[in-house]
Amino acid sequence: MAISALWCLFFSLLTWGCPSGCAEESPAPHDVTGDAKKPVLLRDIAATTAFISAAEVAVIGFFQELERPEVSNFHIVVGKIQEVPFGLSTNPEVLSHYNITSNTISVFRTVDDKRQDLELTNGQKIDAAKMSRFIQINELRMVTEYNPVTAIGLFNSAVQTHLLLFTDKTSQEHTERVRRYREAAELFRGKILFVLVDSNVKGNERVMSFFNLKKSQLPALAIFHTPDEEQDVLPLGEVTVERVQDFCSGFLERKQRKEDPSPEEKTEL
């Protein structure tokens, strides 16, 4: 499979920059005490399903036994990543339901209905830092802020059309822009990945230049189809749900016509 030019750019930036009532809390290992965040203990399939459905991104540690070093590392990660809900299950029925055959950390996300697994097989040295990186790479959301780590997850997604909103996060209008952008993202779930690019981050200037955008043109949208690198750009005076929706729908419709031309177009060809 050909590697897109945008992915090459993002990879260069990666190497250049650094990047509920049905459940109860599980006990922490001996080295995690006090008010540290703890994973939710998922005792059955219903509780696990509800836990996954309740969040854009949910992480579950599926463990066959708790007296393992990777379980302690998992608890460390839970305490460090505050914005993601964590669950833990040792129930054999739950593990079987999710086809777990070895200790596994799974990231469930709604944006593309995807599950990513990190299997903790015997002899494999996976510390808390590696677990954290796996989760941060794969925690794609309805609107994912671009950085060198999330770039990897974006390009590993099965959703091959990406929409980028270039905007100044320090702007007084930023919160409202993102709210409208997110509202539009709900309309294209599973079809387009919505990405937020902060124009104030120095490394992001190279992403802007890839789309021939200048700061004076922001906020702006750029849409990109990774397999054939087709793209389109739309500078915006104002971010509205309607403008984002029209821009995305128009791009998808053009792609569809190219891939499946009408009988009349086939005759002309």
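Here the structure is shown first, and the text comes after it.
Residues numbered from 1 in each chain as written. Predicted model: local features only at pLDDT ≥ 70, side-chain atom pairs only at ≥ 80, totals over all residues. Heavy atoms only, no water.

1. Digging into the overall build of the protein
Definition in use: Each helix is a run of DSSP H or I of at least 4 residues and each strand a run of E of at least 2, with the numbering of both proceeding from the N terminus. Buried, partly exposed and exposed residues are distinguished by accessible area as a fraction of the type maximum, computed with a 1.4 Å probe on protein chains only: under 20%, between the cut-offs, and over 50%, respectively. Per-residue accessibility takes into account occlusion by the displayed protein chains alone, with areas from the Shrake-Rupley method and a 1.4 Å probe.
Helix and strand counts for the protein stand at 10 helices and 11 strands. Across the 269 residues that make up the protein, the buried fraction comes to 48%. When the accessible area of the protein is evaluated, it comes to approximately 13900 Å², of which 49% is carbon and sulfur surface.

2. Regarding the pattern of salt bridges
Oppositely charged side chains can form a pair if their charged atoms are brought close together. The cut-off we apply is this: Only one rule defines a salt bridge in this text: a Lys or Arg side-chain nitrogen within 4 Å of an Asp or Glu carboxyl oxygen.
Overall, the coordinates contain 17 salt bridges when judged by the stated rule. Between Asp112 and Arg109 there is a salt bridge, with the nearest N and O atoms lying 2.9 Å from each other. Accessibility classification places Asp112 together with Arg109 in one group, the buried group. Here Glu186 makes a salt bridge to Arg182, at a shortest N to O gap of 3.8 Å. A residue pair is termed a helical-turn pair when its members lie 3 or 4 positions apart in one helix, as Glu186 and Arg182 do in helix H7 (residues 174-187) at four residues. You can call Glu186 partly exposed: its relative accessible area is 33%. Salt bridges sharing partners connect three or more residues here, namely Glu176, Arg179, Arg180, Glu183 and Glu238.

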